[in-house]
Each structure stands twice: as structure tokens, then as C-alpha cells.
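The chain contents come next:
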Amino acid sequence: MSVKLQIFEYNGSALVAMVGKNCFAIASDRRLGVQLQTVATDFQRIFKIHGKLFIGLSGLASDAQTLYQRLVFRHKLYELREERDMKPETFASLVSAILYEKRFGPYFIQPVIAGLGDEDKPFICTMDSIGAKELAKDFVVAGTASESLYGACESMFKPDMEAEELFETISQALLSSVDRDCLSGWGGHVYLVTPTEVTEKILKGRMD
């Protein structure tokens, strides 16, 4: 295994975002590890940018926190100048530009962006550590558990799910996937976002 891959897998992570009917959900595991040693079991990987826009940062935990602080700063500047919240598509382009700017010494993270755009249309995307975007209409995954998340999401996802069914689907996909990855787990953290409200829930999972 190359050194680059070890850096991405150093802390362990599992991230997934999924779209429903005029809503979306974004979920992560809660483990922070140093390789196989668990350091914390309440680590935050999903961050709120504004009421209808969230970003999840998988990969190296220190880089994730550094990048989040930069993104909050840039979003606040945008709000002051434009007097409105940033659209998800615009925010994805901002994240991509910031990552590409550092391409010769990149942030070792893989972001997942989820938001509600015009007419409350859900938008999700992920990108690699130098900002190459990958857009999707169903779900996106990231982190060390991404392979098992792909399988679980492919089998469980249905188009146009209502909010409650979407929450159940993303929760089951996350919990079943982190059980197959020893670098992520210790429960889950789910945000369910509709045009009118944001629901945050903590999932209990296997504690090993």
C-alpha cells in the first residue's frame, strides 16, 4: 500500500449522502482513530454551512478541520458581499477551487457536499483531494468504508423517497457498511434536510 493511501486511511471515516423527494440526507460514522487505535467516538465529520447546505469531510481529520474553517470564512465573505446564502452548485465550485489551489501539497480529504438548490431540488456531489467533481442524482460515498457503502446504497436506494424512508435507508446503509470496515464505525450521525426543517440524529451501532 502506498504512503498516500495510508494518509487518507489514517483516521478512518465513512460518509454518505443520498437524495429523496425534495429532501436529502447526509450521514457519517463517529470514530476518530489513529490507524487501528480508537481515539474518540464522537468525532464530527459533517458540518453545516447554512440551513440547506452541508459538507462532510472524510480523510485526514486535521486537514478536514482546517479546510472547514477556510470554507466558513469564504462563505461568510460571500454572504456579506452578496447578501444571500450560497447555492450548493456554487459552493461545490468553491470547494473544488480551494482544493485545486493546493494540488501540489493537497488537503488529504474527500469531501461530500449536499444541499437544496433552486425550487428545493436536492444536489449532491463528491470530489477527490484536488477538486475533481463527481456529480450524482442518487447517492455519493466517501471514506475508508466507501466500497461497502457503494454496495449497500446500490441495493437499498429507491428514487423519490419521502423523508422518513430516506432516513431509514441511509441509516441502514451506513450501519451495515461500517460493520465491514475496521477503520470506521462507533455509531452514526445523520442529518435529514427538508425545505422546512433540519433533523439531526445520532445512531447507535456496534462499539467494536
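Residues numbered from 1 in each chain as written. Predicted model: local features only at pLDDT ≥ 70, side-chain atom pairs only at ≥ 80, totals over all residues. Heavy atoms only, no water.

Trainee: Could you give an account of the sheet that holds strand 8 (residues 122–127), with specific residues and numbers?
Mentor: Two pairing modes exist for strands in a sheet, parallel and antiparallel, and in both the strands are linked by backbone hydrogen bonds. Taken together, five strands build an open sheet; the order of strands is 5-6-7-8-9 and the sheet is antiparallel. What marks the edges here is a single partner per strand, and that holds for strand 5 (46–50) and strand 9 (133–136). Going from strand to strand, the sheet's axes swing by 20° on average, the running direction of each strand aside. (Pairing = 2+ DSSP bridges. Helix = DSSP H or I, 4+ residues; strand = E, 2+ residues; numbered from the N terminus. Axes fitted to C-alpha atoms, helices over the stretch in contact; angles between N-to-C directions.)

Trainee: So what about the packing of aromatic side chains? Which residues, and what values?
Mentor: Scanning all chains against the criterion turns up five aromatic pairs. Both rings, one in F8 and one in F108, keep their centres 5.7 Å apart while their planes meet at 85°; by these two values the pair is edge-to-face. Residue F8 is found in helix 1 (residues 3–8), and its partner F108 is found in the loop between helix 3 (88–101) and strand 7 (109–116); the two are separated by 100 residues along the sequence. On the numbers, 4.1 Å between centres and 20° between planes, the contact of F47 with Y68 is stacked. Of this pair, F47 sits in strand 5 while Y68 sits in helix 2 (residues 61–82), and the two are 21 residues apart along the sequence. Note on F47: relative accessible area 8%, which makes it buried. Residue class for Y68 comes out partly exposed when judged on its relative accessible area of 22%. (Phe/Tyr/Trp six-rings, centres within 6.5 Å; stacked < 30°, edge-to-face > 60°. Buried < 20%, exposed > 50% of the residue type's maximum accessible area, 1.4 Å probe, protein only.)

Trainee: Before we move on, could you go through the sheet that holds strand 1 (residues 14–19) and cite the residues and values that matter?
Mentor: Reading across from one edge, 10-1-2-11-12 is the order of the five strands in this open sheet, with antiparallel pairing throughout. The sheet is open, and its two edges are formed by strand 10 (139–143) and strand 12 (198–203), each paired on a single side. If you compare each strand with its neighbour and ignore which way they point, the axes differ by 10° on average. Here helix 4 (residues 146–156) sits on the sheet and contacts strand 1 and strand 10; the angle it forms with strand 10, its principal contact strand, is near 160°. (Contact = heavy atoms within 4.5 Å.)

Trainee: An account of the nonpolar core is needed here, citing residue identities and associated values.
Mentor: Counting residues in each nonpolar core, the largest one holds 39 residues, and the members touching the most others are V16, M18, I26 and L174. Per-element tally for this core: the top contributor is helix 5 (residues 163–178), with seven residues. What L174 contacts, discounting residues up to four positions off in sequence, is A14, V16, A27, S28, D29, L149, G188 and L203. Counting residues in hydrophobic clusters, the runner-up holds 22 residues, among them Y107, I109, C125 and M127. (Core = buried A, V, L, I, M, F, W, Y, C linked by side-chain atoms within 4.5 Å.)

Trainee: So what's going on with a nonpolar patch on the surface? Which residues, and what values?
Mentor: A contiguous nonpolar surface patch, about 330 Å² in accessible area, is contributed by F73, L77 and L80. Mapped onto the elements, L77 comes out in helix 2. (Patch = residues over 30% accessible without salt bridge, like charges linked within 9 Å, V, L, I, M, F, W, Y side chains within 5 Å. Areas by Shrake-Rupley, 256 points an atom, 1.4 Å probe, with all protein chains shown as cover. Salt bridge = Lys/Arg side-chain N within 4 Å of Asp/Glu carboxyl O.)

Trainee: Residue-level account of a negative patch on the surface, with values.
Mentor: A surface patch of negative charge is lined by D160, E162, E164 and E197. Secondary-structure assignment places E197 in the loop between strand 11 (188–193) and strand 12. Residue E197 is classed as partly exposed on the basis of its relative accessible area, which comes to 48%. (Lys, Arg positive; Asp, Glu negative; His and termini not counted. Charge placed at Lys NZ, Arg CZ, Asp CG, Glu CD.)

Trainee: Before we move on, could you go through the pairing of strand 7 and cite the residues and values that matter?
Mentor: Taken across its eight residues, strand 7 has seven buried, putting it largely inside the fold. Sheet analysis places strand 6 (residues 53–59) next to strand 7, joined by seven bridges and oriented antiparallel. By the bridge assignment for strand 7, F54 is matched with A114. Here strand 7 pairs with strand 8 via five bridges, running antiparallel. Across the sheet, the residue bridging to I113 is C125, located in strand 8. The turn joining strand 7 and strand 8, which pair antiparallel and follow one another in sequence, is formed by five residues; a positive phi near 55° is taken by E119.

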